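# Observations on chain architecture
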Amino acid sequence: MKSAVLAGLRTQETEESWAQKLDEAALLCEACGIEVKTRLTQKAQKGHPRTLLGSGKVNELKQACEAQSADGVVFVNELTGIQTRNLEQETGFPVIDRSALILEIFERHARTRQAHLQVEAARLAYQLPRLIEGQIHADQQQGGGVRNRGAGETRLERSRRTIEKQIRNIRLELDQLKLQQAVQSHRRRQSGLPRVCLIGYSNAGKSSLMNALLAARSISPAKQVVSADQLFATLDSATRRIKLAGRAEILLSDTVGFVRDLPDFLLDAFESTLQEIQEADLLIEVIDASDPQWELQHEIVMRTLRRLHAAHIDRMRIYNKADQVPQWDRKDGLLLSCLTGQGLQELIAGLISRLNLTDRAFPEIGDEFSSQVSYNEDERGE
């Protein structure tokens, strides 16, 4: 799907909140390479069980797709399998919802074996309930005869078992990779190096900040992480050893960004990646100061931390993109710019002070610390 009509049902949201949802969905489409041709929404107390939107709006949606020469429809709301099928039948165009869109982005951005497995587990978890809905819907259309019902249940059971077996096999492989992670995590703890983790809303500048710190400490460009101006550019956690000053060193980790209403099945699938957050000594929350919605994004980050049982971890707040903010009077965090380097030295000094690193010496970590494993690249930022 290269182009789409962005559609959705607004129920309890305020006009401002709904506009923000649409804007974010448009950014998700952009990250997936989908051009949004136009937007079409309906306001109602609740959605239609068959198609979410009312019949008149569904017809309008079909006409919008035809008039805009769109390839399909992207819904801001999450759809049931039956709703997706009915919408496709009545409009004649492919239909995906926000969760499916995020899965597509994750699949495109997955680079390591671990990320690919996590995305596949999430895709199967998304598919399973829709498979059940679809089979029940098909049986109802065929009629209620005993023969049809029995055949349908047999097909459904076979398909369900197949997907559940695939999920189990993926989780077994992820558990093996998690054991390798545990070995590296143990070595990190033995080193005594403080573990600092970058967190924040997707596209706030976490990866850019890591790269800026690596560059500021003259660490090889080969150690830099993927950074792009789009949502979910980073899926895999990456850890680098950074010497801040003298003998003051830290292990700095970059992680996947958060968005509003991140589905539970995605959080579950990326549990091992997000474990970096749970084991950190300090979290650096990176906020895009140039985004007018940054306060809402901060609240979403905090809600996600609570879901991960990580809200109690010590946290620093960093306001990024100072070069795009003409005036700034907040004193509850450090204003910096990854682009110009403004505030980086203050951040380094703040880390040394916050982690009490003055005059602390850490042992050298042997080559085994930077050894390659199947789910991550060399982690040692020398």
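Up top you'll find the structure we're talking about.
This text gives an overview of the structure that appears in the document. (Residues numbered from 1 in each chain as written. Predicted model: local features only at pLDDT ≥ 70, side-chain atom pairs only at ≥ 80, totals over all residues. Heavy atoms only, no water.)

### Focus on helix α11 (residues 344-354)
Turning to α11, its buried residues number three or more, namely Leu-344, Leu-347, Ile-348, Leu-351 and Ile-352. Projected down its long axis, α11 shows its buried positions confined to an angular sector of 135 degrees, all on one face. Trailing α11 by a residue or two, Asn-356 shows a phi angle of about 55 degrees, which is positive. (Buried < 20%, exposed > 50% of the residue type's maximum accessible area, 1.4 Å probe, protein only. Helix = DSSP H or I, 4+ residues; strand = E, 2+ residues; numbered from the N terminus. Arc of directions from axis to C-beta.)

### What to know about the nonpolar core
Proteins that are soluble and globular tend to have nonpolar side chains buried together. Counting 45 residues, the largest nonpolar core has Leu-6, Leu-101, Leu-266, Ile-277, Leu-283 and Leu-305 as its most contacted members. Taken together, the elements giving at least two residues each to this core come down to β1 (3-10), α1 (15-31), α4 (98-109), α5 (113-142), β5 (195-200), α8 (264-269), α9 (271-278) and α10 (294-307). A per-element tally of this core places α1 first, with seven residues. Setting aside anything within four residues of it in sequence, one finds Leu-266 in contact with Ile-102, Leu-103, Phe-106 and Ala-122. By size, the runner-up hydrophobic cluster in this structure holds 27 residues, among which are Leu-213, Met-316, Leu-336 and Leu-351. (Core = buried A, V, L, I, M, F, W, Y, C linked by side-chain atoms within 4.5 Å. Contact = heavy atoms within 4.5 Å.)

### As for α4
Counted at 1.5 Å a residue, the expected span for α4 with its twelve residues is 16 Å, and the 17 Å between its end C-alpha atoms agrees. Among the twelve residues in α4, nine count as buried, and that is most of the element. (Expected span 1.5 Å × (residues − 1).)

### Comments concerning the sheet that holds β1
Read across the open sheet, the four strands follow the order β2-β1-β3-β4; overall the sheet is parallel. Edge positions in the sheet fall to β2 (35-43) and β4 (95-97), since each of these pairs with one other strand and no more. Each strand of the sheet is rotated relative to its neighbour by a mean of 25 degrees, with strand direction disregarded. Where helix α2 (residues 55-68) meets the sheet, it contacts β1, β2 and β3 (72-75), and its direction lies at approximately 165 degrees from that of β2. Taken strand by strand, α4 contacts β3 and β4, and its axis lies near 85 degrees from that of β4. (Pairing = 2+ DSSP bridges. Axes fitted to C-alpha atoms, helices over the stretch in contact; angles between N-to-C directions.)

### A few points about the sheet that holds β5
Spatial strand order, β6-β7-β5-β8-β9-β10: six strands in an open sheet with mixed pairing. Looking at strand neighbours, the two that pair on one side only are β6 (238-245) and β10 (334-335), the edges of this open sheet. Relative to β10, strand β9 (residues 315-320) runs parallel, the two being bridged by two bridges. Looking across to β10, one finds that Ile-318 is bridged to Leu-334. Helix α7 (residues 206-216) contacts β5, β6, β7 (248-254) and β8 (282-288) of the sheet and is inclined by roughly 150 degrees relative to β7. Relative to the sheet, α11 contacts β6, β7, β8, β9 and β10, its axis offset from that of β9 by approximately 175 degrees.

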